[in-house]
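So you can see what is in the structure, the chains are spelled out below.
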Amino acid sequence: MQDNANKTWSGRFNEPVSELVKRYTASVSFDKRMAEVDIQGSLAHATMLNKVGVLSDEDLRAIQGGMADILDDIRHGTFDWSLDLEDVHMNVERRLTEKIGDAGKRLHTGRSRNDQVATDIRLYLRGAIDLLVGLVADLQTSLLELADKHAATVMPGFTHLQVAQPVTFGHHMLAYVEMLGRDAERLTDCRRRVNRLPLGSAALAGTTFPVDRRMTAALLGFEGVCENSLDAVSDRDFAIEFTAAAALIMTHLSRLSEELILWMSPRFGFIDIADRFCTGSSIMPQKKNPDVPELVRGKTGRVNGSLISLLTLMKGQPLAYNKDNQEDKEPLFDTVDTLTDTLRIYADMMRGITVKPEAMERAARQGFATATDLADYLVKKGLAFRDAHEAVALAVRYAEEKRKDLSDLTMVELQSFSPLIDAKIFDVLTLEGSLAARDHVGGTAPNQVRMQVARWREKLAG
Ligand code: ARG
């Protein structure tokens, strides 16, 4: 017999693993964050075993008492985690047996670490998703506050980063509210597939004990059981789906970050970000850098990387469980942590933004933003759109040469491009007129923005 500390499976081995292999194969340093759900899963499993007559009342009571103590130790940080015991499951089980003796050894009846770990990840992720859905809603709420306040604040809307047409800052904020709305839907949808019970699948084929999987599922709040034991122990689709949804949220926030960074640059000067989200330069005393948005943009790469890690982790695995699967946790946990911090910081940051309407308006006046309005006006007077487009293009070229905005041209100048133009044109060419004219669902008219804010608030409240 060898002297391997891991007596859980060491019986058939002739020599202990080296220190390096022990460290290489252990997961306790990162999977200990699942300790609470691991205990929750064990308690449900034990309760079920007792109900079906596999575990005595006495054993169940002992397990419940021992687990309560262990939970206490873990919460107080006094639990002694051992690398020799490889992972969270064996650490907890060993401790339980030390505390309560043989009853602890009977807990693992009809169960394997394979279905146990799959259950733990699902319980952990379900909790994380519930928290994240709330954080997404809070970020949406912070954007709605800005949208409401700036429902009529004009700014240039861009395509190709060139001034295109006037929009309101509120409308721009609402675009992100929509993206985040889809993100929340994706998380909620993913949760349905997370929320299925693997336990009862045991190592891969099921168990010879008369388990009642539906009972265990009900005890743990799962909506159903995984219906194939081989699939149940090897499936990590749910983790990939979650990480994909997370990568998309980060992508949305990365785009917003890019905009905040541009807008804060003195070239734009559209906004200021509160000092507590920025840092200075160690060499250039005048600098105030938008560190938080830059890091969000940077950390998006990290979450995208986790998604690729998980996809790659799974692509070569034959059924059923393989040790490869232990590598699912770090990318998943890192994704949860990164996304949680990012959403929290973002809602706070958006609430601390100073909007500079004068700078936005000045910029909107600078790129012939109402040229389309002039073309639409000519079409309404009977000109074909392509002809109207051409007339306006000539007017823009002329105005550019004169260094004037379209609205600064005189009636005589304007009429030289089309005789259809009359005095009403000056309403059309103002930024306010341009905004107000886009008055339909999804348009940038201030009253549409206000209605959309109201709809979203109702949705988030319900
Ligand atoms: N620590 C392992 C993991 O994270 C638990 C399952 C181990 N199962 C096994 N048969 N080695 O996946």
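For the structure, check the block above.
Residues numbered from 1 in each chain as written. Predicted model: local features only at pLDDT ≥ 70, side-chain atom pairs only at ≥ 80, totals over all residues. Heavy atoms only, no water.

**Some thoughts on the side chain of Thr168**
Right, so step 1: Assignment of secondary structure puts Thr168 in strand S2 (residues 162-168).
Right, so step 2: Judged by relative accessible area, which is 0%, Thr168 ranks as buried.
Right, so step 3: Sequence-distant contacts of Thr168, defined by excluding residues within four places in its chain, comprise His150, Ala151, Ala152, Thr153, Val154, Met155, Leu435, Thr444, Pro446 and Val449. (Helix = DSSP H or I, 4+ residues; strand = E, 2+ residues; numbered from the N terminus. Buried < 20%, exposed > 50% of the residue type's maximum accessible area, 1.4 Å probe, protein only. Contact = heavy atoms within 4.5 Å.)

**What about the layout of surface pockets?**
Right, so step 1: As a volume, the largest pocket reaches approximately 400 Å³.
Right, so step 2: Counted by class, the lining of the largest pocket contains nine nonpolar, five polar and three charged residues. (1 Å grid on protein atoms, 1.4 Å probe; cavity = no way out; pocket = protein on both sides within 12 Å on 5 of 7 lines; lining within 4 Å. Points joined across faces, edges and corners; volume = space filled by probe spheres on them. Nonpolar A, V, L, I, M, F, W, Y, C, P; charged D, E, K, R; others polar.)

**Some thoughts on the environment of Ile39**
Right, so step 1: Of note, Ile39 is situated in helix H3 (residues 35-51).
Right, so step 2: Taking the C-alpha atoms as reference points, Ile39 and His89, 50 residues apart in sequence, are found 8.8 Å from one another.
Right, so step 3: Filtering out sequence-adjacent residues up to four positions away, Ile39 remains in contact with Met67, Ile70, Leu71, Ile74 and Val92.

**Looking at the site of the ligand**
Right, so step 1: Every residue lining the ligand is accounted for by Ser27, Asp87, His89, Arg113, Asn114, Val117, Tyr321, Gln326 and Lys329.
Right, so step 2: One of the side-chain nitrogen or oxygen atoms of Ser27 is found 3.3 Å away from a nitrogen atom of the ligand.
Right, so step 3: Note that an oxygen atom of the ligand is positioned 2.6 Å from one of the side-chain N or O atoms of Lys329.
Right, so step 4: Relative to its unbound accessible surface of 340 Å², the ligand loses 85% to contact with the protein.
Right, so step 5: The leading source of residues in the shell around the ligand is helix H7 (residues 113-149), at three residues.
Right, so step 6: In terms of residue class, the shell around the ligand is built from two nonpolar, four polar and three charged. (Near = heavy atom within 4 Å. Polar contact = N/O pair within 3.5 Å; in protein donor to acceptor, adjacent residues only side chain to side chain. Areas by Shrake-Rupley, 256 points an atom, 1.4 Å probe, with all protein chains shown as cover.)

**A short note on H3**
Right, so step 1: Relative to the 24 Å expected for 17 residues at 1.5 Å per residue, H3 spans 24 Å between its end C-alpha atoms, a close match to the ideal helical length.
Right, so step 2: With 13 of its 17 residues buried, H3 lies for the most part within the structure.
Right, so step 3: Taken from the residues just after H3, Gly53 is the one with a positive phi, measuring 85 degrees. (Expected span 1.5 Å × (residues − 1).)

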